[in-house]
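Listed below, chain by chain, are the residues.
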Amino acid sequence: MNITTDQTIIDAVILEAPDPTTAAAFYDAAFGLGDKVRVRAAEAPTTGFRGFILSLVVSQPSTVDSLVGTALDAGATTLKPATKSFWGYGGVVQAPDGAIWKIATSSKKDTGPATREIDDFVVLLGVDNVKATKQFYIDRGLVVAKSFGGKYVEFATSSVKLALYGRRAAAKDAGVPQEGTGSHRLVIGSALGPFADPDGFTWEAAAA
């Protein structure tokens, strides 16, 4: 399969939850991502870390604070309070349905008026073998945009970005233990689907 970068589009992140109506209301109130995040009913058993982080990359700390604030107001819990670090500023929250969200910026200071604009929406998969999973996705036509050995890979997708991280590193980044069993409760909607990757993350054909 040979797919150009412009065609490699993740249309939506589909989260599975026992109460999809409540979960969808949370996402509308917290982040306002529209149809990039969809929720559907599922009762598949899951415990602990589900192996992924949904990351919102923004331009400045005030935007981080705004998005974290509305998420907490809507019912999220704090995993890592928003704080400054050597790489920038960010925090991690867990949605009521269990999905983990990281909101971050590489900037340590505000450079303009406060906004809620999201620059990038990234699906970060915590995988057992970054190099093997990287090759799996290359074989399906994805183009690598960034790669740091066996530690981190980002693909040149549009709309919603895809990245790979080691599972242990992803859990550490999220502020949770790496152990987890059962369903990921995550499906990626794209023209590339349907298939499941080596870590059991499921892709399906995007809805018309």
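The structure under discussion appears in the preceding block.
Source: prediction; values computed, not measured.

## A look at the side chain of Asp-199
- Take Asp-199: it is sitting in the loop between strand S14 (195–196) and strand S15 (202–204).
- For the buried Asp-199, no salt bridge exists, and the shortest N-O distance to an oppositely charged side chain is 6.7 Å, to Arg-167.
- A polar side-chain atom of Asp-199 sits 3.3 Å from a polar atom in the side chain of Thr-133.
- Leave out the neighbours within four places in its chain, and Asp-199 touches Val-127, Asp-128, Thr-133 and His-184.

## Digging into the pattern of salt bridges
- This structure, assessed with the given rule, holds 4 salt bridges.
- Close ionic contact of Lys-102 with Asp-173 constitutes a salt bridge, the shortest N to O distance being 3.1 Å. Here Asp-173 lies in helix H4 (residues 167–174) and Lys-102 lies in strand S7 (residues 100–105), a separation of 71 residues in the sequence.
- Salt bridges here are not isolated pairs; linked through shared partners, they connect Glu-16, Arg-40 and Glu-204.

## Thoughts on the pairing of strand S11 (residues 161–166)
- Across 6 bridges, strand S8 (residues 120–127) lies against S11 in parallel orientation. Of the residues in S11, the one forming a bridge with Val-122 is Lys-161.
- Examined bridge by bridge, strand S10 (residues 152–155) and S11 share 3 bridges and lie antiparallel to one another. Note that in S11 the partner of Glu-154 across the bridge is Ala-163.
- Here S10 hands over to S11 after 5 residues, with Ser-159 in that stretch at a positive phi of 70 degrees.

## Some remarks on helix H3 (residues 130–139)
- Inspection of H3 places Val-130, Thr-133, Phe-136 and Tyr-137 among the buried residues, and these make up the whole buried set. When H3 is viewed along its axis, its buried side chains cluster within an angular range of 125 degrees and face the same direction.
- A positive phi of about 100 degrees marks Gly-141, the residue just after H3.

Procedures and definitions
Residues numbered from 1 in each chain as written. Predicted model: local features only at pLDDT ≥ 70, side-chain atom pairs only at ≥ 80, totals over all residues. Heavy atoms only, no water. Helix = DSSP H or I, 4+ residues; strand = E, 2+ residues; numbered from the N terminus. Buried < 20%, exposed > 50% of the residue type's maximum accessible area, 1.4 Å probe, protein only. Lys, Arg positive; Asp, Glu negative; His and termini not counted. Salt bridge = Lys/Arg side-chain N within 4 Å of Asp/Glu carboxyl O. Polar contact = N/O pair within 3.5 Å; in protein donor to acceptor, adjacent residues only side chain to side chain. Contact = heavy atoms within 4.5 Å. Pairing = 2+ DSSP bridges. Arc of directions from axis to C-beta.

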